[in-house]
Structure formats: C-alpha cells, structure tokens
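Residue strings, one per chain:
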Amino acid sequence: GAGVSQSPSNKVTEKGKDVELRCDPISGHTALYWYRQSLGQGLEFLIYFQGNSAPDKSGLPSDRFSAERTGGSVSTLTIQRTQQEDSAVYLCASSLDRGSGYTFGSGTRLTVV
Amino acid sequence: SQQGEEDPQALSIQEGENATMNCSYKTSINNLQWYRQNSGRGLVHLILIRSNEREKHSGRLRVTLDTSKKSSSLLITASRAADTASYFCATDDIKAAGNKLTFGGGTRVLVKP
C-alpha cells in the first residue's frame, strides 16, 4: 500500500478483555516495528520483525503481550487480559532496510476502562 | 529505556523566528534521525544524518551531529504556525538489531502566529 495502515484507529475495551491490533506495512518493507506511546511521553520500543521472525522482542512489557507477522506483511499485536496501564497509543512503523527512515502508521489509541 | 534526551522539553516562539532543539545520547550510533509528530499520532520522518556526517540540510531544516559529544541539534529556520508539533530524535545504536531506533522524549514546539 501507499502507507502504513493500522486498525482500529481507536479501541475502548474493558479491563481483562483481550485485544488485537493490526498493522499493514508498506509493500516491500521487510522490517516492521511496534512502539507504544503514553500521553505526553516518548516512544517505547516493543518488538521488531525482519520478515516473519522477531530478532528483538525485548520491549514487550509482559507475557500478556505477543505479536506475529505472516507472509512478511501484516502484523498483529495481541494484548491478553488488558490492564489500565496498557492504555496508550500503539504505533507501527516499517522500513526498507538499515539506514532508512521509518514510515509510521497513524496508530491505535487503546483505552482500557 | 530512552537513549535520546531532548532539550528543551518545550519551546514557544513567534512565527518567523528560528527554533533550535538539542538531543543527547549515550552509545555509539550508525545514524541519528529526527521525526515530527502532530496531535499525538503517527510520526513523520524529517531527516537522517549518518555518524560520519557533521551537518545536513533539508529545506528549512538544519541538523548537526557531534559524535564526540554524543549530541545533535535540529534548527528550524523562519518557523511557521504549521511547524507546531513535537519533535523527536532517534538513534540507530551500532549494537542494536536491524534498524531498531531508540527515541527520545521529544520537544514540544509551539509557533505563535
């Protein structure tokens, strides 16, 4: 596609429910990244994919968080048993190769009530 | 953890003035990038400067990099109201996997008409 597409753009969920966030990167971009951003804060790295494998998942906050990427394209970030502290904007980005800038999606604003 | 620390955290200027913000980091890097974020959603890549470069220009943007001091600056000349946004530096750590970037906390810039 022309840009990085994320869905949904907003999600309100009850504490304890599972949520799935989707990212569709730019076609041909082999690298895909998930970050999250709390209100007024910087970006916190979650996980990085190269193709379908995840060489660095060091930023996942707990085992409630998981992510996968299939076909070297679409990625889903799953949060199980959501907690209020999971509320944030979840940002996905893709890049062509090392030394390239990221193209970000518009993010998913997750609110856990 | 955030590697880049931006200074100042917030900046308010009049239209037409120049805006300067600084970024300090801690490790050895391949490159340093600057991004702009409007309204707390997706970030837009502005400029990338490699570790062997000292200065780079793009339109009204000027970026400097001093690897001996582990610092960078972003100058926006002749600012416009549309430049109102948060600006983030991001570093590509030599030891990081792939193209993983570490973002700073950002500088919020307000350009008053």
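Along every chain, residues carry numbers that run from 1 in the direction the sequence is written. As a convention, the first chain written is A and the first ligand written is 1, with the rest following in written order. Totals for whole chains, interfaces and linings use all residues, but because this is a predicted model, local features are given only for residues with pLDDT of at least 70 and pairs of side-chain atoms are given and counted only at 80 or more. Hydrogens are left out, water is left out, and the side-chain values use all remaining heavy atoms of the structure.

Overview of the overall build of chain A
In terms of helices and strands, chain A carries zero helices and eleven strands. Helices and strands in chain A line up, N terminus first, as β-β-β-β-β-β-β-β-β-β-β. In this treatment the radius of gyration is a C-alpha quantity, and the globule benchmark scales as 2.2 Å times the residue count to the 0.38 power. The C-alpha atoms of chain A give a radius of gyration of 13 Å, which matches the 13 Å a tight globule of 113 residues would have. Counting only C-alpha atoms and orienting by the principal axes, one finds that chain A spans roughly 40 × 25 × 25 Å. To qualify as a helix, a DSSP run of H or I must reach at least 4 residues; to qualify as a strand, a run of E must reach at least 2; elements of each kind are numbered from the N terminus.

Side note on the state of the cysteines
Residue and element names in this part refer to chain A. Only a pair of cysteine sulfur atoms within 2.5 Å qualifies as a disulfide here. Counted according to the given criterion, the structure contains two disulfides over all chains. Bridging Cys 23 to Cys 92, the disulfide has an S-S length of 1.8 Å. A torsion of -65° about the S-S bond marks the disulfide between Cys 23 and Cys 92 as left-handed. Taken together, the positions of Cys 23 in strand β3 (residues 19-24) and Cys 92 in strand β9 (residues 88-95) put the pair 69 residues apart, joining distant regions of the chain. For the residue pair Cys 23 and Cys 92, the accessibility class agrees, reading buried in each case. For the exposure calls, accessible area comes from a 1.4 Å probe over protein chains only, and a residue counts as buried if that area is under 20% of its type's maximum, exposed if over 50%, partly exposed in between.

What to know about unusual backbone geometry
Trans peptide bonds make up most of the peptide bonds, and negative phi angles are found at most residues other than glycine. A cis geometry characterises the amide bond from Ser 7 of chain A onward to Pro 8 of chain A, with omega recorded as -10°. Secondary-structure assignment places Pro 8 of chain A in the loop between β1 (5-7) and β2 (10-13). With omega at 0°, the peptide bond leading from Asp 7 of chain B into Pro 8 of chain B counts as cis. Among the secondary structure elements, Pro 8 of chain B is positioned in the loop between β1 (5-7) and β2 (10-14).

Overview of the environment of Arg 50 of chain B
By the element assignment, Arg 50 of chain B lies in strand β5 (residues 43-50). The exposure class assigned to Arg 50 of chain B is partly exposed, which follows from its relative accessible area of 38%.

Side note on the interface of chain B and chain A
Contacts were defined at the residue level, with two residues in contact if any of their heavy atoms lie within 4.5 Å. In this complex, chain B contributes 26 residues to the contact, which on the side of chain A involves 28 residues. Note on terms: buried area is the combined drop in 1.4 Å-probe accessible area of two parts once they are placed together, counting the loss on both. Taken together, the two surfaces of chain B and chain A that pack against each other cover about 1,900 Å², and 46% of this comes from carbon and sulfur. Broken down residue by residue, the surface that chain B buries against chain A is led by Arg 41, Asn 99 and Lys 100 of chain B, which jointly contribute 34%. By definition here, a salt bridge exists when the distance from a side-chain nitrogen of Lys or Arg to a carboxyl oxygen of Asp or Glu is within 4 Å. Here chain B and chain A share one salt bridge between them. The partner of Lys 100 of chain B in a salt bridge is Asp 56 of chain A, with the nearest N and O atoms 3.1 Å apart. Every element with two or more residues in the side of chain B that touches chain A is listed here: β4 (29-37), β5 and β9 (85-93) of chain B. Looking at which element gives the most residues to the side of chain B that touches chain A, the answer is β4 of chain B, with five residues.

Comments concerning the packing of aromatic side chains
Pairing of aromatic rings covers Phe, Tyr and Trp, the last counted by its six-membered ring, and requires centre-to-centre distances within 6.5 Å; plane angles under 30 degrees mean stacked, over 60 mean edge-to-face, and any other angle means tilted. Overall, the coordinates contain twelve aromatic pairs over all chains when judged by the stated rule. An angle of 75° between the planes, with centres 5.7 Å apart, marks the rings of Tyr 35 of chain A and Phe 45 of chain A as edge-to-face. Pair noted here: Tyr 35 of chain A is in strand β4 (residues 31-37) and Phe 45 of chain A is in strand β5 (residues 43-50), with a separation of ten residues, a long-range link. Taken individually, Tyr 35 of chain A and Phe 45 of chain A each receive the classification buried, so the pair is uniform in this respect. For a Lys NZ or an Arg CZ to count as sitting over a ring, it must be within 6 Å of the ring centre and within 35 degrees of the ring normal. Seen from the ring of Phe 45 of chain A, Lys 100 of chain B lies directly overhead, with NZ or CZ sitting 4.3 Å from the centre.

Some thoughts on the side chain of Thr 108 of chain A
Relative to the assigned elements, Thr 108 of chain A resides in strand β11 (residues 108-112). For Thr 108 of chain A, a relative accessible area of 0% translates into the label buried. Ignoring anything within four residues of it in the chain, the contact list for Thr 108 of chain A reads Gln 6, Ser 7, Pro 8, Ser 9, Lys 11, Leu 21, Ala 88, Val 89 and Tyr 90 of chain A together with Arg 41 of chain B.

Details of the pairing of β4 of chain A
Residues and elements named next belong to chain A. Within β4, seven of the seven residues are buried, leaving the element largely enclosed by the surrounding structure. Of the two faces of β4, both are covered, the one formed by Ala 31, Tyr 33, Tyr 35 and Gln 37 as well as the one formed by Leu 32, Trp 34 and Arg 36. Where β4 folds back onto β5 in an antiparallel hairpin, the turn is made up of five residues, including Gly 40, whose phi is positive at roughly 75°. Pairing between two strands requires that DSSP report at least two bridges joining them. Bridge analysis of β4 against β9 gives seven bridges, and the strand direction is antiparallel. Across the sheet, residue Trp 34 finds its bridge partner in β9, namely Cys 92.

Note that all results are geometric; they support no functional claim without further evidence.
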